[in-house]
Every structure is written in C-alpha cells, then in structure tokens.
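Chain by chain, the residues:
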Amino acid sequence: MNKLVVLLMLLTAMLFTAGCTDKTQEKSTSFEASLEKKDVVKVTQLEQINTSLKKGPVFVKLGAKWCPSCRSMKPILEKLAAEYGANATIASVDVDQSPELTEYFGVEIIPDSFVIVDIENGTYVYMKEDGKVTTEISQAKFVGFDDNDEKLFEKTLDLALLQEGKNKSS
C-alpha cells in the first residue's frame, strides 16, 4: 500500500511539473533567436531596435491587432522578413502594448512605418523614400497602408541596404 501511495505521489508531481520551463531564459533569448530566424521581430523597447541596427537597417511597423490595415500588412512583413532578413530587421510594434514607443516615434495614425538606418549622436537616422537620409522621422514615415506600399517598402529597404554598403566601404 505504501509503495502505491509513493508511486501516485511521484506520478502526480511529474504531471504537475510537466511542461514547466524557465520563462526568464526563454524571454531573454527569444529576441536574439528571432533576429537569426528571419522572422518579423516583436519590438517592445528601443534597445531592441538599437541591437538590430548593428546587423543592418530596421524596418519598423507600428500598429495594433484591432486595426484592419495593420493586419493586412502581416503577410507583407513576413515576406519582407524572408526576403531581407539576412541583411535587415523587419520589426513590429503593438501600439497598445508599447505606448512609450508610440509616443517616442510620434505615432498619430496606424499603421505607421519607417526604416531606421543608423544612430548619430543618440538620434535615429531614417531612410526617406527618395534614398536620402534624415533625422526627422516625419519626413520618412509611411502612414496608412495601400496595395502599392509593398513595392515602396522594398524600394526603401533596397536604398537603405545600398546606403549601408556605401557607409561600410567608406
């Protein structure tokens, strides 16, 4: 009888602990892993953008789950991540979960997107649609979303990668 009770207790303990993981370690490595896997990176802090910039340009989309246009962008972001992920980071910020970033980037309408190419003196440098760079985010934003934006995003990322190549060769 005692053996049966001990066996049941061990079985119960095993069932209760099955599937338990160390969430702290999982969270700390999930950002780095997503950078390597060419996925759309979920960003909640500026430091994640700064880390990504070391790899190359960062395309940032700010939106929300409840926004139909933002949801329409999801397949495009995934395609961009697959296509550009080796040289650039495709990042997504949920404005409801990251109000600090929403305020920092001056988001008034979603979706709101832009490409960051560098940091100079603590200020982000953005790629404009025409291939020029600026520290004024208002000159480099893609606000809203329509069917032609995918090509615009690709063009801007191509220009950002070209700019990065020039900077590295200088």
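Just so you know, the residues in each chain are numbered from 1, in the order the chain's sequence is written. Confidence filtering applies because this is a predicted model: local features only for residues at pLDDT of at least 70, side-chain atom pairs given and counted only at 80 or more, and all residues used for totals across whole chains, interfaces and linings. With hydrogens and water stripped out, all remaining heavy atoms of the structure feed into the side-chain values.

Draft legend 1. Structural view of unusual backbone geometry. The step from Ile110 to Pro111 runs through a cis peptide bond, and the omega angle for that step is -5°. Secondary structure follows DSSP: runs of H or I at least 4 residues long count as helices, runs of E at least 2 residues long count as strands, and numbering of each begins at the N terminus. Note on placement: Pro111 falls in the loop between helix 5 (99-104) and strand 4 (112-120). Not every positive phi belongs to a glycine, and Asn121 is a case in point at roughly 50°. By the element assignment, Asn121 lies in the loop between strand 4 and strand 5 (123-127). A simple rule labels every residue: compare its accessible area, found with a 1.4 Å probe on the protein chains alone, to the largest value its type can have, and call it buried under 20%, exposed over 50%, or partly exposed in between. By relative accessible area, which is 82% here, Asn121 ends up exposed.

Draft legend 2. Representation of the environment of Thr102. Its place among the elements puts Thr102 in helix 5. Owing to a relative accessible area of 15%, Thr102 belongs among the buried residues under this scheme. Linking Thr102 and Gly63, residues 39 residues apart in sequence, is a C-alpha distance of 9.2 Å. In this structure, Thr102 is in contact with Leu62, Val95 and Val107, ignoring residues within four places of it in sequence. By the convention used here, residues are in contact when the closest approach between their heavy atoms is within 4.5 Å.

Draft legend 3. A look at the nonpolar core. Within this scheme, the nonpolar core is defined by two criteria: the residues are buried Ala, Val, Leu, Ile, Met, Phe, Trp, Tyr or Cys, and they are joined through side-chain atoms within 4.5 Å. Counting 23 residues, the largest nonpolar core has Ile49, Val60, Leu62, Phe105, Phe114, Ile116 and Tyr126 as its most contacted members. Looking at this core, the elements with two or more residues in it are helix 3 (46-53), strand 2 (58-63), strand 3 (89-94), strand 4 and strand 5. Per-element accounting of this core gives the leading share, three residues, to strand 2. Counting residues in hydrophobic clusters, the runner-up holds 20 residues, among them Leu77, Val115, Val125 and Phe142.

Draft legend 4. Spotlight on the packing of aromatic side chains. Ring pairs are drawn from Phe, Tyr and Trp, using the six-membered ring of Trp, whenever the two centres fall within 6.5 Å, and their geometry is named by plane angle: stacked under 30 degrees, edge-to-face over 60, tilted for the rest. Enumeration over the complete set of coordinates arrives at eight aromatic pairs. Each ring, one from Tyr124 and one from Tyr126, has its centre 6.4 Å from the other, and the planes form 65°; the classification is edge-to-face. Every member of this aromatic cluster is reached through a ring pair, and the members are Tyr104, Phe105, Phe114, Tyr124 and Tyr126.

Draft legend 5. Seen up close, the environment of Ala140. For Ala140, the location among the structural elements is in the loop between strand 6 (133-134) and strand 7 (142-143). Here Ala140 falls in the buried class, since its relative accessible area comes to 2%. Note: C-alpha distance between Ala140 and Ser113 (27 residues apart in sequence) is 8.5 Å. Not counting chain neighbours up to four residues away, the residues in contact with Ala140 comprise Ser113, Phe114, Tyr126, Met127, Lys128 and Thr134.

Draft legend 6. The pattern of salt bridges, seen in detail. Salt bridges are counted wherever a side-chain nitrogen of Lys or Arg sits within 4 Å of a carboxyl oxygen of Asp or Glu. The full count for this structure, using the stated rule, is three salt bridges. Put simply, Lys141 and Asp112 hold a salt bridge, and the shortest N to O gap is 2.9 Å. Here Lys141, found in the loop between strand 6 and strand 7, pairs with Asp112, found in strand 4; they are 29 residues apart in sequence, far enough to count as distant. As far as burial versus exposure is concerned, Lys141 and Asp112 are alike and both buried. Shared partners join several salt bridges into a network, and the residues in it are Lys79, Glu150 and Glu154.

Draft legend 7. The arrangement of the pairing of strand 4 in detail. The pairing criterion for strands is at least two bridges between them, as found by DSSP. Two elements, strand 2 and strand 4, share five bridges in a ladder whose sense is antiparallel. Directly across from Phe59, in strand 4, lies its bridge partner Val115. Pairing of strand 4 with strand 7, which is carried by two bridges, proceeds in the antiparallel orientation. Bridge assignment links Ser113 to a residue of strand 7, and that residue is Phe142. Alignment of strand 4 against strand 5, held across four bridges, turns out to be antiparallel. Within strand 5, the position partnered with Asp118 by the bridge is Val125.

Any functional reading would require information that these geometric values do not contain.
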